[in-house]
Amino acid sequence: MANHPTEKQINDAYSSARERYAQLGVNTDAALAALSGIAISLHCWQGDDVGGFEAPGGELTGGIAATGNYPGKARTADELRRDLDLTYSLIPGKHRLALHAIYLEADRKIERDAVQPEHFAGWADWAKAKGHGLDFNPTLFSHPMAASGMTLASYDAGVRKFWIDHCIASRKIGEYFGKTLGTPCVTNIWIPDGYKDTPVDRKTPRALLKESLDAILAEKINPKYNLDAVEGKLFGLGAESYTVGSHEFYLSYAVANQVLLCLDSGHFHPTETISDKISSVLLYLDEILLHVSRGVRWDSDHVVILSDDLQAITQEVVRGDYINRVHIGLDFFDASINRVAAWTIGTRAALRGLLMALLEPIAQLRALEVEGDFTGRLALLEETKGLPWGAVWDYHCLRQEVPVGNAYMSEIRSYEKRELAKRA
Ligand code: RNT
Ligand code: ZN
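Residues numbered from 1 in each chain as written. Chains lettered and ligands numbered in written order. Predicted model: local features only at pLDDT ≥ 70, side-chain atom pairs only at ≥ 80, totals over all residues. Heavy atoms only, no water.

Q: Help me get a handle on the coordination of the zinc ion (ligand 2), residues and values and all.
A: Looking at the zinc ion (ligand 2), the protein donor atoms are Glu231 (OE), Asp264 (OD), His291 (ND1) and Asp331 (OD), and they sit 2.1 to 2.2 Å from it. Classification of the site at the zinc ion (ligand 2) as octahedral follows from its 6 donor atoms and the range of 71 to 169° in their angles at the metal. The sequence pattern describing where the donors of the zinc ion (ligand 2) fall on their chain is E-x32-D-x26-H-x39-D. Linking Glu231 in strand β6 (residues 226-231) with Asp331 in the loop between β12 (326-330) and α10 (339-358), this pair joins segments that are 100 residues apart in sequence. The two residues Glu231 and Asp331 agree in class, both being buried. (Donors = N, O, S within 2.8 Å, 3.2 Å for Na, K, Ca; no water. Tetrahedral: all angles 85-135°; square planar, octahedral: opposite > 155°, others 65-115°. Helix = DSSP H or I, 4+ residues; strand = E, 2+ residues; numbered from the N terminus. Buried < 20%, exposed > 50% of the residue type's maximum accessible area, 1.4 Å probe, protein only.)

Right, dumping it as structure tokens:
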């Protein structure tokens, strides 16, 4: 197709980009080698609007919402895996998948507190065959036991016990994934608990949540197989006034118990960024999990794009030398566009952000900063935005045998006709 570059054009553009970067002391080959080693955890729930495959499937609750009704959402695990296979084939590198407990496979109804590794054997077999690591999330929403809006922080001991058992069962599934695939599974706990209106007791639900988490994490699991993470947030739909698992709650909990903290970019005040938190948190924790998302005016979970916010996150990960300590997961769900395209665009954006960060003339920037030459620092930072990083990205895609530019759209369009259109 005439509107995509030829191999020669890509190679030529790369050679001149490589020279340009070398003038600034940046080795583009080393940057690409580093990028190739980063596995992003794609979130399964973009593929079906956080529906899952429980029988019977329920309505999405918990104060999160997928809006839109673009045709073709996956109705079964096999359909979801086919969609994911196409997605991974359009993204350079080897990447992971984050599952939620509601994506189990069973021929009868399995209660959440009874989920077992066997219900995820189909996923583990697939992941093993395709070379993906797996991550996991217990699902504490879209369920009658979460109807009150409270789960692990409920005043009802029976409700708490049910969800504690679900989370314990989830950690065992994480352990199974880690053992089967030879790469640790990050099992991330997020709960929706909160109040729509101002409570008079902010203390007791938090004390109950702490007690529940202690019970869930009581059994030690080898971190070679499973790593536990906890995810806080500011508010949810219907829980505007009080969220039990706030940032301060989980930051404290993670530090005190040395579990991973999950920072979701949509879970803070709109002008507050997670990029500024990474270097603080990693002084006190070995590892963290990110949920890279894009809130538009609120925690809306739009598809990740190459925004300033994303670049600030990737810069922090790279500049801080944190690549091996930060698990990068995605968390968005847009049902108004093609779901395979949503994954592809969002993941490619995250990788492009990482590449831009890996290509920074960081030695020079640091020297300017240490010298106190903030004028020079600003000038060079602005200059880097116009450097030919796009030529390096195209070359990377070519070498990794994935579509260059938005040529991935023609594959997605033909898949849409061939497969998605048949899903009524
Ligand atoms: C919700 C949290 C959580 C969910 C997923 C589906 O606000 O971000 O991570 O998006 O578990
Ligand atoms: Zn999240």
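Q: Help me get a handle on the environment of Asp125, residues and values and all.
A: Among the secondary structure elements, Asp125 is positioned in helix α4 (residues 121-130). A C-alpha to C-alpha distance of 9.1 Å links Asp125 and Leu181, two positions 56 residues apart in sequence.

Q: Mind laying out helix α7 (residues 247-257), listing which residues take part and the relevant values?
A: All of the buried residues along α7 are His247, Phe249, Tyr250, Tyr253 and Ala254. In an axial view of α7, the angular spread of the buried residues amounts to 160°, which keeps them on one side of the axis. Among the exposed residues of α7, those pointing more than 90 degrees away from its buried face are Glu248 and Ala256. Buried-residue contacts for α7 involve α6 (203-217), β6, β8 (260-264) and α8 (275-281). Where α7 ends, the next residue or the one after it, Gln258, has phi of about 50°, a positive value. (Arc of directions from axis to C-beta. Contact = heavy atoms within 4.5 Å.)

Q: For the pattern of salt bridges, give the residues involved together with the corresponding values.
A: If charged atoms from side chains of opposite charge come close, those side chains can pair. Inspection of every chain in the model, using the stated rule, returns 24 salt bridges. Glu272 is the partner of Lys277 in a salt bridge, and the nearest nitrogen-oxygen pair spans 2.5 Å. A relative accessible area of 14% means that Lys277 is categorised as buried. Classification of Glu272 as partly exposed rests on a relative accessible area of 29%. Overlapping salt bridges, with partners in common, bring together Arg75, Glu79, Arg82, Asp83, Glu419 and Arg423 in one network. (Salt bridge = Lys/Arg side-chain N within 4 Å of Asp/Glu carboxyl O.)

Q: I'd love a proper account of the site of ligand 1, names of residues and values included.
A: Ligand 1 sits among Trp45, Ile64, His100, Trp190, Glu231, Lys233, Asp264, His267, His291, Asp299, Asp331 and Phe333. For ligand 1, an oxygen atom lies 3.2 Å from a polar atom in the side chain of His291. In the environment of ligand 1, an oxygen atom lies 2.8 Å from a nitrogen or oxygen atom belonging to the side chain of Asp331. Burial of ligand 1 by the protein amounts to 100% of the accessible area it has alone, namely 310 Å². The cavity where ligand 1 resides is the largest cavity. Taken together, the residues of the shell around ligand 1 sort by class into 4 nonpolar, 3 polar and 5 charged. (Near = heavy atom within 4 Å. Polar contact = N/O pair within 3.5 Å; in protein donor to acceptor, adjacent residues only side chain to side chain. Areas by Shrake-Rupley, 256 points an atom, 1.4 Å probe, with all protein chains shown as cover. 1 Å grid on protein atoms, 1.4 Å probe; cavity = no way out; pocket = protein on both sides within 12 Å on 5 of 7 lines; lining within 4 Å. Sits in = over half its atoms within 2 Å of the grid points. Nonpolar A, V, L, I, M, F, W, Y, C, P; charged D, E, K, R; others polar.)

Q: Describe the pairing of β8, naming the residues involved and giving the relevant values.
A: With 5 of its 5 residues buried, β8 lies for the most part within the structure. In this sheet, β8 lies alongside β6 in parallel orientation, the contact comprising 3 bridges. Each residue of the ladder has a partner; that of Val230, found in β8, is Leu261. Looking at chain direction, β8 and strand β9 (residues 288-292) are connected through 4 bridges and run parallel. If you follow Cys262 over to β9, its bridge partner there is Leu289. Of the crossover connections in this fold, the one passing from β8 over α8 to the parallel β9 is right-handed. (Pairing = 2+ DSSP bridges. Right-handed = clockwise from strand over helix to strand, strands pointing away.)

Q: Let's hear about the nonpolar core: which residues, and what values?
A: Leu99, Trp123, Leu152, Leu213, Ile288 and Leu290 are the most contacted members of the largest nonpolar core, which has 113 residues in total. Residue contacts for Leu290: discarding those within four places in its chain leaves Leu263, Ile274, Ile278, Ile313, Val317, Val326, His327, Ile328 and Gly329. Listed in part, the 9 residues of the second largest apolar core include Leu86, Leu90, Ala341 and Met409. (Core = buried A, V, L, I, M, F, W, Y, C linked by side-chain atoms within 4.5 Å.)

Q: Go over the environment of Leu97, please, and point to the residues and values.
A: Tracing the sequence through the fold places Leu97 in strand β2 (residues 96-100). Of the residues examined, Leu97 reaches a relative accessible area of 0% and is grouped as buried. C-alpha of Leu97 to C-alpha of Trp123: the two residues are 26 residues apart in sequence and 9.6 Å apart in space.

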